[in-house]
Structures are given as structure tokens and as C-alpha cells.
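Letter by letter, the chains look like this.
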Amino acid sequence: MKFFLDTANLEQIRAAHDMGLLDGVTTNPSLVARENMDFKTLVGEICRITSGPVSAEVLSTETAGMVEEALALSKIAENVVIKLPTIPDGLKACVQLRERGVAINMTLCFQPNQALCIAKAGATYCSPFLGRLDDIGHDGMDLIPIIRQIYDNYGFDTQILAASLRHPLHVVQAAMAGADVATMPYNVFEKMLNHPLTDIGLERFISDFKKAQK
Ligand code: E4P
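Everything quoted here is computed from the prediction, not taken from an experiment. Counting restarts for each chain: residues are numbered from 1 in the order of the written sequence. At least 70 in pLDDT is required for a residue's local features to be given in this predicted model, at least 80 for side-chain atom pairs to be given and counted, and no such filter applies to totals for whole chains, interfaces and linings, which use all residues. Hydrogens and water molecules were not included; the side-chain quantities draw on all heavy atoms of the structure.

Engineer: Explain the site of the ligand to me, please; I cannot follow it from the model alone.
Structural biologist: Neighbouring the ligand are the residues D6, T26, N28, K83, F129, R132, A163, S164 and R166. Within 3.5 Å is the distance limit for a polar contact, defined as a pair of N or O atoms, with the added protein rule that one can donate a hydrogen and the other accept it, and that residues adjacent in sequence qualify only through two side-chain atoms. In this structure, R132 approaches the ligand through a side-chain N or O atom, which is 2.6 Å from an oxygen atom. With respect to the ligand, the backbone of S164 contributes an N or O atom lying 2.7 Å from an oxygen atom. What sets the accessible areas is the Shrake-Rupley method with a 1.4 Å probe; for residues, cover comes only from the shown protein chains. A total of 350 Å² of accessible area belongs to the ligand in isolation, and the protein chains cover 86% of it. Polar here means any residue outside two lists: the nonpolar Ala, Val, Leu, Ile, Met, Phe, Trp, Tyr, Cys and Pro, and the charged Asp, Glu, Lys and Arg; Gly therefore counts as polar. Of the residues belonging to the shell around the ligand, the class tally is 2 nonpolar, 3 polar and 4 charged. Distances are taken per atom, and a residue is near a molecule or strand as soon as one of its heavy atoms is within 4 Å of it.

Quick look at the structure:
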């Protein structure tokens, strides 16, 4: 499973990259808005930190505008992936941009038929938003095995990018259900690395050893 960081914060991206576990980054307009930096400059900086795919989202809601924004964003770096909303105009833009070799991440996917259309449009990634479904009383994770089965039935190579993950268990469940990628906020990434028994055990090993050496 690939680990993407769901943030536009350069410090967090650097920290995950330095650990050697970062496969890519996803941003969205809300995450970018927190950083107080020019959008294209920020995307360029992120692409300098990681050579993995970096998703940058368009703001247009009609096909022509999406394609124009996408082509401009694609020029920032080779690893830029264009994020398009899963609406009819977004799918149309996806087909046009795929024909021009642009990598696409279809975002805001909430149901299996959207995921099927995303794969048929040739997107590189399909991003089901699991946490936002949980927020309205659904079990968002149910989507992953359904999409996995659909994609496997027809040999679609669109990657399932589990998004809107809110806690480490989401990552485990997405991995068990066969998601190709998990994109997570930095706090979830940090929590995945820790367990109190690891810290207690390590402290005990070191103190036992030191006592015996006296
Ligand atoms: C994914 O690409 C999105 O940026 C993200 O996962 C949204 O997460 P949220 O629902 O926690 O805002």
C-alpha cells in the first residue's frame, strides 16, 4: 500500500519524506488555503520535496476551465497529478486530459457508480472520501471492497486512493479491503508509528541492560 500525506504543509511533508515512508501527497483547496502561500509556488515546493505524485485540484466547475487550469498546473512539475471533482464536467475533462497524457485523481467520490465512471474515464486515481460518509452516518469503509471488486472484475487499472481518513484504524481497514493508496493527515501518519508498549518496552530493555553493566 502506498502512503500519501493529505496536507499542503511543507514541514509535515518534509518530515514524512525524511522518514522514507512517503509515496506522494494530496492537497485540496481547503488545505492550500491554510498555508498562506501562492498556490503554484506551493505545489512547486511540494514537488521539490517528493518525486511521488502530488495532487493539485482545479477550481473551475466546467470542462473547458478545468482543462485550462489542469494544463497550467501540469507545467509546474512532472509529478503533478490533477485533481478533478467527480461531476459530469469533471469526467469529461478527465477523458480529455488523459488523452493528453495528464495523470488524474478524481476526487469527492461517494458511491460505487461514481467509481465505475471514474475508471471508465481512465483516471489514474479514484478518491472515495470515507470519513465524510462516516460523518453523515454511513460506514464509508464499505465502499472500498465494492470498488475493489468492480475494478478487479473488469481489470481497470485505476488506483483506489482511500481518502478522508481520520484515524489509524481507517488505514488498517483500507489496507485490508485492498485500497492501493491511503492518503492521511499528518496526525494520522504519526499515530501509525506509535504504541505505548513500544516505548515502555524500549525503556525497560535499556534500563535492564544498564543495570547489568554496572
Ligand atoms: C483527499 O484527497 C482529500 O484532500 C481529503 O482526504 C479530504 O479529507 P477530509 O474529509 O478530512 O477533509
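Engineer: Explanation requested: helix α11 (residues 196–213) in the structure shown.
Structural biologist: Because each turn of an α-helix spans 3.6 residues, side chains separated by three or four positions end up pointing in the same direction. Over its 18 residues, α11 runs 26 Å from end to end, which matches the ideal 26 Å to within 8%, given 1.5 Å per residue. We call a residue buried when its accessible area falls under 20% of the maximum for its residue type, exposed when it is over 50%, and partly exposed in between, using a 1.4 Å probe and counting protein chains only. Numbered from the N terminus, helices here are DSSP runs of H or I no shorter than four residues, and strands are runs of E no shorter than two. Counting buried positions along α11 gives 0 out of 18 residues, so the element sits mostly on the surface. The span you would expect from a helix comes to 1.5 Å times its residue count less one.

Engineer: Honestly, the nonpolar core in this entry has me stumped. Any pointers?
Structural biologist: As used here, the term nonpolar core means buried Ala, Val, Leu, Ile, Met, Phe, Trp, Tyr and Cys residues forming a set that is joined through side-chain atoms within 4.5 Å. In this structure, I82, L84, I104 and Y151 are the most contacted members of the largest nonpolar core, which totals 60 residues. Contact between two residues is taken to exist if any of their heavy atoms lie within 4.5 Å; hydrogens are not considered. Once you skip the residues sitting within four places of it in the chain, I82 turns out to touch A56, V58, A70, L73, S74, V102, A103, I104 and N105. Counting residues in hydrophobic clusters, the runner-up holds 7 residues, among them V81, Y125, A163 and V181.

Engineer: Help me understand the packing of helix α4 (residues 63–74) against helix α5 (residues 88–99), please; the structure alone is not making it clear to me.
Structural biologist: Packed helix pairs are characterised by how far apart their axes lie and by the angle those axes make with each other. Only C-alpha atoms enter the line fits that serve as axes; for helices the fit covers just the stretch in contact. Angles between N-to-C directions range over 0 to 180 degrees. Where α4 meets α5, the closest approach of the two axes is 8 Å, and the angle between their N-to-C directions is 45 degrees. Judged on the interaxial angle alone, α5 and α4 are oblique. Judged by the twist between their axes, the crossing of α4 over α5 is right-handed. Residues T63, M66, V67, A70 and L71 of α4 pack against D89, G90, K92, A93, Q96 and L97 of α5. Every angle not falling under 35 degrees, over 145, or within 65 to 115 is termed oblique; those three ranges are roughly parallel, roughly antiparallel and roughly perpendicular. Left-handed describes a crossing whose near helix is turned anticlockwise from the far helix by less than a right angle; the clockwise case is right-handed.

Engineer: Where do I start with the state of the cysteines in this structure?
Structural biologist: As used in these notes, a disulfide is a covalent bond between sulfur atoms, one from each of two cysteines. Criterion for a disulfide: a pair of cysteine sulfur atoms at a distance within 2.5 Å. One pass over the structure, following the stated rule, counts 0 disulfides. The structure places no disulfide on C47, whose sulfur is separated from the nearest cysteine sulfur, that of C94, by 19 Å. The buried category is assigned to C47, whose relative accessible area is 11%. In this structure C117 is not part of a disulfide, and its nearest cysteine sulfur, from C109, lies 9.5 Å away. Classification of C117 as partly exposed rests on a relative accessible area of 39%.

Engineer: Honestly, the pairing of strand β5 (residues 104–109) in this entry has me stumped. Any pointers?
Structural biologist: Among the 6 residues in β5, 5 count as buried, and that is most of the element. The pairing criterion for strands is at least two bridges between them, as found by DSSP. One ladder, built from 4 bridges, connects strand β4 (residues 80–85) with β5; its direction is parallel. Within the sheet, the bridge partner assigned to K83 lies in β5 and is N105. Seen with the strands pointing away from the viewer, any crossover whose path from the first strand over the helix to the second strand runs clockwise is right-handed. Crossover handedness for the path β4 to α5 to β5: right-handed. When β5 meets strand β6 (residues 125–128), the two strands line up parallel, connected through 3 bridges. Note on β6: the bridge partner recorded for C109 is P128. As a crossover connection, the stretch from β5 through helix α6 (residues 112–120) into β6 is right-handed.

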